[in-house]
Amino acid sequence: MKDNEPTLNSIEDYNTLKGSKKRIVWIVILSGLMLGALFVGAKIYYGEADDTIHIQDTIGKVPVK
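Numbering of residues starts from 1 in each chain and follows the order in which that chain's sequence is written. At least 70 in pLDDT is required for a residue's local features to be given in this predicted model, at least 80 for side-chain atom pairs to be given and counted, and no such filter applies to totals for whole chains, interfaces and linings, which use all residues. Processing note: side-chain calculations cover all non-hydrogen atoms of the structure and skip hydrogens and water entirely.

Thoughts on the overall build of the chain
Note on conventions: DSSP H or I runs of at least 4 residues are helices, E runs of at least 2 residues are strands, and numbering of each starts at the N terminus. The helix and strand inventory of the chain stands at 1 helix and 0 strands. The buried label applies to any residue whose accessible area, calculated with a 1.4 Å probe on protein chains only, is under 20% of its type's maximum; exposed applies above 50%, and partly exposed to all values in between. Taken across its 65 residues, the chain has 2% of its residues classed as buried. As presented, the chain carries roughly 7300 Å² of accessible surface, and 62% of it is formed by carbon and sulfur atoms. The Shrake-Rupley method, run with a 1.4 Å probe sphere, supplies the accessible areas, and residue values consider only the shown protein chains as cover.

Structure follows, in structure tokens:
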């Protein structure tokens, strides 16, 4: 029984990428780095989020059945 799954040896550009595939890979990598830098810059500029709600209630008695 032979599987129809592709193997790494049968993929034509396994060892090297050429042409537009290589350019697309670099565009994806660079856009990810730029997006990450944008988020880091926003975090540095705006600082930490201070949106916690502090509750001072205490439990006096726990009902037991």
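More follows now that the structure is in view.
Regarding the packing of aromatic side chains
Note on aromatic pairs: each is described by the distance of the centres and the angle between the planes. Classification of ring pairs rests on two measures: the distance between centres of Phe, Tyr or Trp rings, Trp counted by its six-membered ring, which must be within 6.5 Å, and the angle between planes, read as stacked under 30 degrees, edge-to-face over 60 and tilted in between. As enumerated under the stated definition, the model contains 1 aromatic pair in all. Judged by centre distance (4.8 Å) and plane angle (85°), the ring pair of Tyr45 and Tyr46 falls under edge-to-face. Neither Tyr45 nor Tyr46 differs from the other in exposure class; each is exposed.

Regarding a nonpolar patch on the surface
Patch membership requires over 30% relative accessible area and the absence of a salt bridge. Like charges are linked within 9 Å, and nonpolar side chains (Val, Leu, Ile, Met, Phe, Trp, Tyr) within 5 Å. A pair is scored as a salt bridge if a Lys or Arg side-chain nitrogen falls within 4 Å of a carboxyl oxygen belonging to Asp or Glu. Judged by side-chain polarity, Leu17, Val25, Trp26, Ile29, Leu30 and Leu33 come together as a nonpolar surface patch covering roughly 550 Å² of accessible area. Secondary-structure assignment places Leu33 in helix H1 (residues 20–46). Here Leu33 falls in the exposed class, since its relative accessible area comes to 57%.

Things to note about H1
Given a helix with a known number of residues, its expected span is that number minus one, times 1.5 Å. Between its terminal C-alpha atoms H1 stretches 38 Å, which fits the 39 Å expected from 27 residues at 1.5 Å a residue. Within two residues after H1, Gly47 carries a phi angle of roughly 80°, on the positive side.

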